Every structure is written in C-alpha cells, then in structure tokens.
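Topology and contacts: notes
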Amino acid sequence: MSETVRTMFADIAPRYDVANTALSLGIHHLWRRTVVRRSQVQVGMRILDCATGTGDLALAFKKAVGKSGHVVGTDFCAEMMETAPEKARKNGMDIRFEVADAMNLPYPDNSFDIASISFGIRNVDVPTQALREMARVVRPGGRVVVLEFGQPQGIVGAFYRFYSNHVIPFVGGILSGNREAYSYLNRTAAQFPSGDNFDAMMHETGAFAGTNYKALTFGIAYVYIGKVL
Ligand SMILES: C[S@@+](CC[C@H](N)C(=O)[O-])C[C@H]1O[C@@H](n2cnc3c(N)ncnc32)[C@H](O)[C@@H]1O
C-alpha cells in the first residue's frame, strides 16, 4: 500500500503546487496560517513537519519560529520534497528536509516542541502509529498538529461533493497528468474520519493529555491539536 502511495506522489510531484493552489483557490495558505496560529508556536521553537511534501507548512512554521528556531521537513517521497529546499532558500529560510516515514521517525524522544502534518495523515498506512510517533518525538507539553480534509454538510456539502467528485479529478488530472491520483486523494478525503471521529482517533493513541479541534471553511478542512503527555 505505502509503496503505491509513494509512487503516486512521486508521479504528481512536479505539478503538485500548481494543482493545489488552483484546486483550493489558494485557500490552503489561509488554513496553514490558522494551523500555525493555533499550534501556540513561539520564536525559537523546534518544529518537525511530517509528510511535508513541497514544504508549505514547514515554511509557514519557519516564519513563526524565526532565525533562532529550527524546522525540519520530512516525507517518505523524496520527489515530493524536490522543490522544497529551493522554496525555502528563495524566502531566505534555513530549513532541513529529510526523507523519513511518519510511522517510523528517525529522531530521539523529545526532540521537538511541535510536530505537524498537513493533508498527510489520511495517506499513511496506520494513522494512529504516525500520531504516536509524532507524539514520541515531541517533548511532554508540546503539540501534535494535524490539518486534514473533512466532509462538509448541507448546501456547502452538496456543492463541495460535486466539486470534489467531478472538478478535482478532472482539473487535477489535466494539471498533473494523473487523474487517478486526484480521484484517490478525493476518495480518501471523503472516507477519512473528521471532527469528533478523528479526535477520538487521537485519544485512542493514549499519547495526549488533551485535544481540541476547529472546523475551517464550513468543515472542508479541520485543524486538530493534541497536547503531548
Ligand atoms: C497530499 S500530500 C500533502 C503534502 C503537504 N503536507 C501539503 O500540505 O501540501 C501528502 C504527502 O504525504 C506523504 N506521505 C504519505 N505517507 C507518508 C508516510 N508514511 N510518511 C511520510 N510521508 C508520507 C506523501 O509523500 C505526500 O507528500
């Protein structure tokens, strides 16, 4: 399973940013800012962004921690991270990018103040294992922060389902040359637990002293925060 996912991301990597911005109408940048704000990040902190892809959330965190802070972006697909170092450099940021599986992180316990993952937790084989790993490398009292799609309800939900079932695979397919990848991303987003259900999954890990979450843009996305035990 994970090798199929890795190969799929390697295939869409070169056009990922263009498709992402077009399909979300740029809103994903606002969501990332909300994630950073809610994480209670402070200047000088150490941040790990898992499944970082092209590094957008890592960059948003680096802006918040400043020069004295440290940000590491990791992904199990090297191709997805190919443009990330250049993006960081262009923004005058020093960020380390390393290949690592979120389910088996190569860092000692308590290495970070915050570990984050955006639009990646639904793609890992065992999400609870990734959450436990992220909590393990964060110091007690630090935060694990997750940004993931939800399933909006009502009129917005009906519009969103049409958009994600038809427009996303079509436009994503044209922009990336891989329609199946965008159907997969959409299918997994529609099926993955959100709101109370994902919050329950975080509790199930036994890794958090407390959790909270907030729906973004009518529940199209959610930000979840876990305070590490
Ligand atoms: C939809 S992309 C999201 C990328 C980026 N975080 C963002 O917000 O745009 C999902 C990413 O998760 C990565 N991924 C999936 N499973 C992973 C795992 N087990 N460990 C590390 N990265 C993983 C993929 O390679 C891909 O880059």
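One can find the structure itself at the top, above this paragraph.
Quick look at the structure, then. (Residues numbered from 1 in each chain as written. Predicted model: local features only at pLDDT ≥ 70, side-chain atom pairs only at ≥ 80, totals over all residues. Heavy atoms only, no water.)

**Describing the packing of helix H2 (residues 16-24) against helix H3 (residues 27-38)**
For any two helices packed against each other, one specifies the inter-axial angle together with the distance between the axes. The line we're drawing: To obtain each axis, a line is fitted to C-alpha atoms, and for helices this fit is confined to the stretch in contact; angles are then taken between N-to-C directions over 0 to 180 degrees. Put simply, DSSP marks the helices as runs of H or I at least four residues long and the strands as runs of E at least two long, and each gets a number from the N terminus on. By the definition adopted for this analysis, an angle is roughly parallel if under 35 degrees, roughly antiparallel if over 145, roughly perpendicular if from 65 to 115, and oblique otherwise. It only takes one pair of heavy atoms within 4.5 Å for two residues to be counted as in contact.
At their nearest, the axes of H2 and H3 sit 7 Å apart, and the two run at 90° to each other. Between H2 and H3, the angle falls in the class roughly perpendicular. Taken together, the residues of H3 that come into contact with H2 (itself represented by Asn 20, Thr 21 and Ser 24) are Ile 27, His 28, His 29 and Arg 32.

**A word on the packing of aromatic side chains**
Threshold: Between 30 and 60 degrees the pair is tilted, below 30 it is stacked and above 60 it is edge-to-face, where a pair is any two Phe, Tyr or Trp rings, Trp via its six-membered ring, whose centres lie within 6.5 Å.
Counted according to the given criterion, the structure contains 10 aromatic pairs. Ring pairing ties together the aromatic residues Phe 192, Phe 198, Tyr 213, Tyr 222 and Tyr 224, which thus form one cluster.

**Focus on the site of the ligand**
The condition that has to hold: Here a residue counts as near a molecule or strand whenever at least one of its heavy atoms sits within 4 Å of it. Polar contacts, as used here, are pairs of N or O atoms within 3.5 Å; protein pairs need one atom able to donate a hydrogen and one able to accept it. Residues neighboring in sequence count only if both atoms are side-chain atoms.
In the neighbourhood of the ligand, 18 residues make up the surrounding shell, with Tyr 16, Arg 32, Ala 51, Asp 75 and Ser 118 lying closest. Within the side chain of Tyr 16, an N or O atom sits 2.8 Å from an oxygen atom of the ligand.

**Some words on the packing of H3 against helix H4 (residues 56-65)**
Which entries qualify depends on this criterion: Two helices crossing with the near one rotated counterclockwise from the far one by less than a right angle form a left-handed crossing, whereas a clockwise rotation gives a right-handed crossing. Under the scheme applied here, ten amino acids are nonpolar (Ala, Val, Leu, Ile, Met, Phe, Trp, Tyr, Cys and Pro), four are charged (Asp, Glu, Lys and Arg), and all others, including Gly, are polar.
The geometry of H3 relative to H4 is characterised by a closest axis approach of 10 Å and an angle of 45° between their N-to-C directions. As summarised for this structure, H3 and H4 are arranged oblique, according to the angle between their axes. As H3 runs across H4, the sense of the crossing is right-handed. The segment H3 lies against H4, with His 28, His 29, Arg 32, Val 35 and Val 36 engaging Asp 56, Leu 57, Ala 60, Phe 61 and Ala 64. Of the residues that constitute the contact of H3 with H4, the class distribution is 6 nonpolar, 2 polar and 2 charged.

**A word on the environment of Thr 21**
We count it as follows: Each residue is assigned to one of three classes by its accessible area relative to the maximum for its type, calculated with a 1.4 Å probe on protein chains only: buried under 20%, partly exposed between the two thresholds, exposed over 50%.
Take Thr 21: it is sitting in helix H2. For Thr 21, a relative accessible area of 35% corresponds to the partly exposed category. Setting aside chain neighbours within four positions, we find Thr 21 in contact with Gly 26, His 28 and His 29. Engagement of the side chain of Thr 21 in a polar contact is seen with the side chain of His 28, the distance being 3.3 Å.

**Some thoughts on the pairing of strand S6 (residues 208-216)**
Rules: Any two strands with at least two DSSP bridges between them are considered paired.
Direction of pairing for S6 relative to strand S7 (residues 221-228): antiparallel, over a ladder of 8 bridges. Residue Lys 214 lies in a different strand from S7, and its bridge partner there is Val 223. Remark: 4 residues form the turn of the hairpin made by S6 and S7, two consecutive strands paired antiparallel; Thr 217 in that turn has positive phi of roughly 45°.

**Re the side chain of Ser 194**
Locating Ser 194 in the fold gives a position in the loop between helix H8 (179-191) and helix H9 (196-204). Polar side-chain contacts of Ser 194 include one of 2.9 Å to the side chain of Gln 151. Residue contacts for Ser 194: discarding those within four places in its chain leaves Phe 149, Gly 150, Gln 151, Tyr 222 and Tyr 224.

**Section: the sheet that holds strand S2 (residues 70-75)**
Read from one edge of the open sheet, 7 strands run S3-S2-S1-S4-S5-S7-S6, paired in mixed fashion. Sheet topology places strand S3 (96-99) and S6 at the edges, where each strand pairs with a single neighbour. Sheet twist, expressed as the average angle between the axes of neighbouring strands with direction ignored, equals 20°. Pairing of strand S5 (residues 138-149) with S7 involves 7 bridges; the strand directions are antiparallel. Residue pairing across strands places Phe 149 opposite Ala 221, the latter belonging to S7. Together, S5, S6 and S7 form the strand contacts of H9, whose direction differs from that of S6 by roughly 160°.

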